[in-house]
Amino acid sequence: MSKAVEKTYPPLLKLPQHVGIIMDGNGRWARQRGMPRLRGHRAGVENLRRVLQAGVELGVPVVTLYAFSTENWRRPEVEVRGLMRLLAESLDKEVDELHRNGVQLRHIGDLAPLSDILKSRIQAAIELTKNNNRLVANIAFNYGGRQEITAAVRQIVREQIPPEDITEDVINAHLYTAGQPPVELIIRTSGEFRVSNFLLWQGAYAEYYISPLYWPDFDKDEFYKALQAFGQRDRRFGGVSG
Ligand code: FPP
């Protein structure tokens with residue numbers, strides 16, 4: 001009897017503590033196959049499950065996934081509604097397995113304009129998984145970096161923090177990612193070289209990895225390759241090489 005052979009991945013010398021992923025190219029993936037765009041987003045969710053599993057196996061502590069930006073409301077209504085539905089369905093379908101795998105789900109962004117049912121499913125998933133500690137997965141849904149910084153400034157003003165006390169640490173503590181390590185690696189699929197309002201503050205010194213593949217095709221091997229490439233980068237943070 002043949003048994004499926006699990007591929008093994010050599011341990012990585014240097015692991016990013018926080019990986020951001022801009023999951024781009026679902027629409028083009030679908031168009032290439034003569035399918036509606038939403039079919040591409042569905043394939044994107046399938047892939048998301050595989051990549052999160054890979055993150056757990058490879059030992060990445062924090063992953064942030066850009067699922068819906070503050071600019072994505074400009075898409076046709078049918079696509080916006082489809083993405084909302086997909087998030088609700090995915091939470092229903094995937095959350096138990098993510099929970100079993102030790103994934104802690106978090107949301108970053110503005111929940112206010114989402115439907116009550118979607119909000120309550122997001123909150124239930126966060127509540128269920130809050131004590132897990134193998135991997136933290138931030139779902140950036142209705143997220144924008146400028147919106148996040150604006151919300152932080154508003155909160156700082158509300159708290160009446162004196163200007164001379166406002167440090168980078170204070171700003172960090174008011175972002176959605178408060179307490180998490182800065183994003184060290186940002187992966188963008190589909191060959192686009194843009195930041196698109198993603199983790200503007202947290203990614204100040206992030207390394208970028210651009211893959212030509214569309215998101216549904218960016219599998220565990222590709223994820224591993226991106227982590228390997230990160231390990232080979234010479235990060236100087238504005239200084240010089242040692
Ligand atoms: C970019 O592809 C992708 C998005 C705007 C959404 C990303 C969403 C998913 C991977 C699935 C949804 C995830 C959840 C958890 C609901 P695109 O549509 O811009 O593709 P294109 O550039 O080829 O048109």
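Presented here is an overview of the structure given in this document. (Residues numbered from 1 in each chain as written. Predicted model: local features only at pLDDT ≥ 70, side-chain atom pairs only at ≥ 80, totals over all residues. Heavy atoms only, no water.)

When its secondary structure is counted, the protein shows seven helices and six strands. Put simply, the protein runs from its N terminus to its C terminus through helices and strands in the order β-α-α-β-α-β-α-β-α-α-β-β-α. Taking 242 residues into account, the globule formula puts the C-alpha radius of gyration at 18 Å, and the protein, at 18 Å, falls close to it. For the protein, the C-alpha atoms occupy an extent of roughly 70 × 50 × 35 Å along the three principal directions. By the burial criterion, 48% of the 242 residues in the protein qualify as buried. When contacts within the protein are restricted to residue pairs at least 6 apart in sequence, those whose partners lie at least 24 apart make up 79%. (Helix = DSSP H or I, 4+ residues; strand = E, 2+ residues; numbered from the N terminus. Rg over C-alpha atoms; globule rule 2.2 N^0.38 Å. Buried < 20%, exposed > 50% of the residue type's maximum accessible area, 1.4 Å probe, protein only. Contact = heavy atoms within 4.5 Å.)

Taking strand neighbours across the sheet as the criterion, the six strands line up as S3-S4-S2-S1-S5-S6 in an open arrangement whose pairing is parallel. The two strands at the open ends of the sheet, each matched to only one other strand, are strand S3 (103–108) and strand S6 (207–210). Taken pair by pair, the neighbouring strands of this sheet meet at an average axis angle of 20 degrees, ignoring direction. Each of strand S2 (62–69), S3 and strand S4 (135–143) is contacted by helix H3 (residues 77–100), which is oriented at about 155 degrees to S3, the strand it contacts most. (Pairing = 2+ DSSP bridges. Axes fitted to C-alpha atoms, helices over the stretch in contact; angles between N-to-C directions.)

Let us look at H3. For H3, which comprises 24 residues, the first-to-last C-alpha distance of 35 Å matches the rise-based estimate of 34 Å (1.5 Å per residue) to within 8%. Of all the bends in H3, the largest measures some 50 degrees and sits at Glu94. At the exit of H3 stands Gly102, carrying a positive phi of roughly 80 degrees. (Expected span 1.5 Å × (residues − 1). Bend = angle between axes of the 7 residues up to and from the residue.)

To continue, consider the packing of aromatic side chains. Under the defined criterion, the tally for this structure stands at nine aromatic pairs. Ring geometry for Phe68 and Trp73: centres 5.2 Å apart, planes at 80 degrees, overall edge-to-face. Judged by relative accessible area, which is 0%, Phe68 ranks as buried. Exposure remark for Trp73: the relative accessible area of 36% places this residue in the partly exposed category. Chaining the aromatic ring pairs together yields one cluster made of Tyr66, Tyr143, Tyr176 and Phe198. Seen from the ring of Phe230, Lys14 lies directly overhead, with NZ or CZ sitting 5.2 Å from the centre. (Phe/Tyr/Trp six-rings, centres within 6.5 Å; stacked < 30°, edge-to-face > 60°. Lys NZ or Arg CZ within 6 Å of the ring centre and 35° of its normal.)

Residues in contact with the ligand amount to 15 residues; listed here are only the nearest, Met23, Gly27, Arg28, Arg37 and Arg75. If the ligand stood free it would expose 610 Å²; the protein chains cover 90% of that surface. Every element with two or more residues in the shell around the ligand is listed here: helix H1 (26–32) and helix H2 (37–58). At four residues, H2 tops the list of elements feeding residues into the shell around the ligand. Of the residues belonging to the shell around the ligand, the class tally is five nonpolar, six polar and four charged. (Near = heavy atom within 4 Å. Areas by Shrake-Rupley, 256 points an atom, 1.4 Å probe, with all protein chains shown as cover. Nonpolar A, V, L, I, M, F, W, Y, C, P; charged D, E, K, R; others polar.)

On to the pairing of S4, then. Across the nine residues of S4, nine count as buried, placing the element largely inside the fold. The sheet contact formed by S2 and S4 spans seven bridges and is parallel. Among the inter-strand pairings, Thr64 is bridged to a residue of S4, identified as Asn138. Of the pairings in the sheet, the one linking S3 to S4 comprises six bridges and is parallel in character.

Looking at the element boundaries, Glu148 is found in helix H5 (residues 145–158). In this structure Glu148 is buried but unpaired, with Arg106 as the nearest side chain of opposite charge at 10 Å. Non-local contacts of Glu148, meaning those with residues more than four positions away in its chain, are made with Tyr143, Leu175, Tyr176, Thr177 and Gln202. (Lys, Arg positive; Asp, Glu negative; His and termini not counted. Salt bridge = Lys/Arg side-chain N within 4 Å of Asp/Glu carboxyl O.)

One can find Ser241 in the segment after helix H7 (220–232). Residues Ser241 and Gly55, spaced 186 residues apart in sequence, show a C-alpha to C-alpha distance of 29 Å.

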